[in-house]
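A closer look at the structure
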Amino acid sequence: MKGDQRIFRAKIMGYCMGVRRAVEVTENALADANRPPFSPPVYTYGPLIHNPVALARLSARGARVLSGSFADIPADFAGATVVIRAHGVPPVERLELVKRNARLVDATCPRVLSSQKRAKKWHDAGFAVILAGDRNHGEIAGIAGYAPGCIVLENKEDAERLVEYPARAVLISQTTIKQSEYDAIAQVLAKKIPDLRVFHTICPATQERQKALEDLVGLVEGVLVIGGKNSANTQRLFHTAQNLFPHAWHIETPEEIPAEARELAAIGLTAGASTPDEVIAAVEQALQKV
Ligand code: SF4
């Protein structure tokens, strides 16, 4: 299809509010680091986002990544700027960074911050705090830090396996958990815990991108899903695209556009919540090139 391929962009795609903010905060910190009284280096506390293109761009501007292990903190660390990423961080780790004289720049997503505050408030009020989500995910680790002794459940089966139930508890979800999974966990717990308060802390960003992708059905024969191969929400979009369209491809860069995609009369574009605008634009431009 040379030149007359129709391209449909999903109405909502790419950076979510929290990721866009984290990238902007880091870019500002990098600019500030070259102006007195600040000085380089600028670290991010773990990789800022799940996108290799965005990480390479920040790295080229001088951002370094702290592994999250204090054993790996370099000798020239004192006075360095450290950006807390959108997932947030447990309070003990925040304190440890301050003790080591880091200048903290907080890019915790406001939605995650609100879950952290809620966990602390109810823990302090004597309620058991139950978190639904991936126990190895930075966001859950961060929230758990505000409610010592909290219970983490990854799925309904975990909830069923719980043998000792508190009399009163609050349930808070990871922002990216599937609504159906969260509802299933809440239903199991509601049968066991007399006073259970369920908070609706799922972020709409993932759902909005899924819905915008579904809206392309009937308009296109195939979809390019743009984003990091390690990005969970991009993988989920790709999975949905595979189910909804005759053709679907997951690519990170314009160079990965397959020849078959260029042959379709109409193609759709979507992108995960950690995919930079420039990468989406570059893919679109590459498709328009004859
Ligand atoms: S997905 Fe939602 S909660 Fe997570 S960073 Fe983006 S806006 Fe914040």
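For the structure itself, look to the data block above.
Just so we're clear, the structure is a prediction, and the values are computed from it rather than from any experiment.

Within a regular strand, side chains alternate between the sheet's two faces. The element strand 10 (residues 222-226) is extensively covered by neighbouring structure, given that five of its five residues are classed as buried. Here five bridges tie strand 10 to strand 11 (residues 247-251), and the two strands are oriented parallel to one another. Looking at strand 11, one finds that Val-225 is bridged to His-250. Remark: the strand 10/helix 9 (residues 232-244)/strand 11 crossover connection has right-handed handedness. Looking at chain direction, strand 10 and strand 12 (residues 266-271) are connected through five bridges and run parallel. Residue pairing across strands places Gly-222 opposite Ile-267, the latter belonging to strand 12.

Moving on, we come to the site of the ligand. Lining the immediate surroundings of the ligand are 13 residues, of which Cys-16, Gly-18, Cys-109, Thr-175 and Cys-203 lie closest. When contributions to the shell around the ligand are tallied by element, the ones reaching two or more residues are helix 1 (17-32) and helix 4 (110-124). Broken down by element, the shell around the ligand gets its largest block of residues, three residues, from helix 1. Residue composition of the shell around the ligand, by class: nine nonpolar, three polar and one charged. The residue makeup of the shell around the ligand includes at least three contributed by each of domain 2 (17-108) and domain 3 (111-202).

Take the sheet that holds strand 5 (residues 103-106) next. The strand order 3-2-4-5 describes an open sheet built from four strands, whose pairing is parallel. Here the strands that pair on one side only, and so sit at the sheet edges, are strand 3 (63-66) and strand 5. Shown here is a sheet whose adjacent strand axes are inclined to one another by a mean of 30 degrees, direction ignored. Against the sheet, helix 1 makes contact with strand 2 (42-45), strand 3, strand 4 (81-84) and strand 5, and its axis sits at roughly 175 degrees relative to strand 4, the strand it touches most.

Rules behind the numbers
Residues numbered from 1 in each chain as written. Predicted model: local features only at pLDDT ≥ 70, side-chain atom pairs only at ≥ 80, totals over all residues. Buried ≥ 20, exposed ≤ 12 C-beta atoms within 10 Å, placed from the backbone. Helix = DSSP H or I, 4+ residues; strand = E, 2+ residues; numbered from the N terminus. Pairing = 2+ DSSP bridges. Right-handed = clockwise from strand over helix to strand, strands pointing away. Near = placed C-beta within 6 Å. Nonpolar A, V, L, I, M, F, W, Y, C, P; charged D, E, K, R; others polar. Domains from an automatic or database assignment. Axes fitted to C-alpha atoms, helices over the stretch in contact; angles between N-to-C directions. Contact = placed C-beta atoms within 7 Å.

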